[in-house]
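Residues per chain are reported as follows:
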Amino acid sequence: MKHFENLTDEVRWEAMLAKDRRFDGAFVTGVHSTGIYCRPSCPARAPLRKNVRFYAGPAEAEAAGLRPCKRCSPASQSAEEACVLAAVAAIRAAVGAGEAAPTLDALAALTGYAPTHFQRLFKRSVGLSPAAFARACREERVKAALTGGQGVGEAALSAGYGGSEAFYAAVKGRLGMTPKEWAKGGAGKVIYWAELATSLGPMLVGATDKGVCCLAFLPQGRPPLAELRARFPKADLRAAGEAFRALFERVVEAVEQPGPGNAAIPLDVAGTAFQQRVWEELRRIPQGETRSYGELAAALGNPKASRAVGGANGANHVAVLIPCHRVIASDGSLGGYAWGLGIKAELLRRERG
């Protein structure tokens with residue numbers, strides 16, 4: 001099956017952790033500590049990264065001495081699965097060639113199903129409609145090309161966009177930083193920061209001219225810029241002045257007196273497609289309520305992706321405004337929190353009034 005030439009091992013690893021059915025057929029996961037290979041969506045417990053290699057398909061994995069997993073049967077397909085994978089391959093091939101994705105009617109004709117039935121079948125298996133899947137593939141292709149050193153215009157054209165402006169319009173509000181900034185670790189980006197006093201301790205806030213990009217509580221003795229340097233290693237960091245006073249006051253108020261206005265504070269965040277889906281879902285959790293990792297994964301359409309959801313939570317650098325404190329363990333305990341369980345418990349108490 002044709003797969004993206006630019007699909008990186010990092011993207012494959014994330015897809016495997018998320019048990020993302022969209023990548024079934026694009027590659028298989030070889031686990032060399034057990035001698036088996038699996039689909040990306042295999043429900044088995046995730047192996048250690050050091051034991052994993054990725055292969056284009058079953059033939060390559062078996063040539064490396066691996067045998068198929070009995071749980072996910074990566075070497076066999078049902079008739080419905082074969083049709084979905086054929087459609088996935090057709091979409092990926094079109095995106096890979098920089099062409100428009102096949103229409104729903106064309107995909108239905110390819111698989112022999114009526115369009116409405118095929119749409120339901122595809123969404124049940126992949127978690128996205130064919131059109132949404134094509135958009136996700138195009139965005140991932142642009143990101144991979146940017147990471148590989150291509151310019152924004154070239155990367156956008158290679159994925160079938162009319163150019164960089166068309167790409168910017170398509171992903172507006174979801175990528176945060178521009179694609180060029182995303183690819184270069186914030187190079188050329190100016191981030192204004194301040195260390196603010198709150199009743200929960202000192203808090204570091206970083207913001208661009210578009211919105212808050214970092215909010216972190218600072219344990220005693222922790223360097224105040226560590227969070228920003230980790231997130232934007234090449235950004236130009238500057239002390240915030242009067243222009244950011246009103247914004248930063250709103251951020252402090254969101255911590256001290258949580259309210260519905262928190263959602264209106266502008267953000268400027270960037271992450272992988274999966275991370276952004278998780279962060280968007282976090283912001284949909286009503287104030288004062290909590291969800292388990294499994295419940296959050298189910299809300300995203302992949303109930304078995306709780307471990308990947310936990311990873312996306314850990315990658316969140318904007319405390320409170322992207323409320324990862326609202327995610328708790330399945331047994332009702334608080335679970336973990338990057339900034340300490342005491343702060344997590346107090347944030348939840350304040351939200352519940």
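What you see is a predicted model; the values in this text were computed from it and never measured. (Residues numbered from 1 in each chain as written. Predicted model: local features only at pLDDT ≥ 70, side-chain atom pairs only at ≥ 80, totals over all residues. Heavy atoms only, no water.)

Some points on the overall build of the protein
Okay, step 1: Within the protein, the regular secondary structure consists of 15 helices and 10 strands.
Okay, step 2: Residues counted as buried form 48% of the 353 residues belonging to the protein.
Okay, step 3: Considering only contacts in the protein between residues 6 or more positions apart, those separated by 24 or more positions represent 59%.
Okay, step 4: Here the protein displays about 16,300 Å² of accessible surface, and carbon together with sulfur accounts for 52% of that area. (Helix = DSSP H or I, 4+ residues; strand = E, 2+ residues; numbered from the N terminus. Buried < 20%, exposed > 50% of the residue type's maximum accessible area, 1.4 Å probe, protein only. Contact = heavy atoms within 4.5 Å. Areas by Shrake-Rupley, 256 points an atom, 1.4 Å probe, with all protein chains shown as cover.)

Observations concerning the side chain of Arg326
Okay, step 1: Mapped onto the secondary structure, Arg326 falls in the loop between helix H14 (306–314) and strand E10 (327–328).
Okay, step 2: Residue class for Arg326 comes out buried when judged on its relative accessible area of 7%.
Okay, step 3: At 3.0 Å, the side chain of Arg326 forms a polar contact with the side chain of Glu351.
Okay, step 4: If we ignore the near neighbours within four places in the chain, the residues touching Arg326 are Leu282, Ile285, Pro286, Gln287, Glu289, Thr290, Arg291, Leu348 and Glu351. (Polar contact = N/O pair within 3.5 Å; in protein donor to acceptor, adjacent residues only side chain to side chain.)

Digging into the nonpolar core
Okay, step 1: Counting 54 residues, the largest nonpolar core has Met203, Phe217, Val278 and Leu282 as its most contacted members.
Okay, step 2: With six residues, helix H11 (residues 245–256) is the single largest residue contributor to this core.
Okay, step 3: In this structure Met203 touches Ala194, Glu195, Leu196, Thr198, Leu215, Ala216, Phe217, Leu218, Val251, Val252 and Val255, once residues within four positions along its chain are discounted.
Okay, step 4: Val84, Val88, Leu107 and Phe118 belong to the second-largest nonpolar core, a separate cluster that totals 17 residues. (Core = buried A, V, L, I, M, F, W, Y, C linked by side-chain atoms within 4.5 Å.)

Observations regarding the packing of helix H3 (residues 79–96) against helix H4 (residues 104–111)
Okay, step 1: Put simply, H3 and H4 touch, their axes get as near as 9 Å, and they point 135° apart. By the angle between their directions, the pair H3 and H4 is classed as oblique. Two packed elements cross with a definite hand, and for H3 against H4 that hand is right-handed. In this structure, H3 uses Cys83, Ala86, Ala87, Ala90 and Ile91 to contact H4, whose residues at the interface are Leu107, Leu110 and Thr111.
Okay, step 2: Here the contact of H3 with H4 is composed, by residue class, of seven nonpolar, one polar and no charged. (Axes fitted to C-alpha atoms, helices over the stretch in contact; angles between N-to-C directions. Parallel < 35°, antiparallel > 145°, perpendicular 65-115°, else oblique. Left-handed = near helix turned anticlockwise from the far one by under 90°. Nonpolar A, V, L, I, M, F, W, Y, C, P; charged D, E, K, R; others polar.)

A word on the pattern of salt bridges
Okay, step 1: A full pass over the atoms with the stated rule returns nine salt bridges.
Okay, step 2: Salt-bridge contacts for Glu346 lead to Arg350; the nearest nitrogen and oxygen are separated by 2.8 Å. Residue Glu346 and its partner Arg350 are located together in helix H15 (residues 341–352), separated by four residues, close to a single helical turn.
Okay, step 3: Several salt bridges converge on common partners, so that one network encompasses Glu256, Glu346, Arg349 and Arg350. (Salt bridge = Lys/Arg side-chain N within 4 Å of Asp/Glu carboxyl O.)

So, the confidence of the model for the protein
Okay, step 1: Averaged over the protein, the pLDDT score is 81; the fraction of residues at 70 or greater is 84%.
Okay, step 2: Taken element by element, the predicted model of the protein shows its lowest mean pLDDT in helix H9 (residues 179–183) (52) and its highest in strand E2 (residues 36–38) (95).
Okay, step 3: Counting interchain partners and residues more than four positions distant, the pLDDT-below-50 stretch residues 1–5 has 17 contacts. (pLDDT = per-residue confidence, 0-100.)

Concerning helix H1 (residues 9–17)
Okay, step 1: Looking at H1, one finds that the buried residues are Arg12, Trp13, Ala15, Met16 and Leu17.
Okay, step 2: In this structure, the buried side of H1 is in contact with strand E1 (28–31), strand E3 (52–55) and H14.
Okay, step 3: Looking one or two residues past H1, Lys19 carries a phi angle of roughly 50°, positive in sign.

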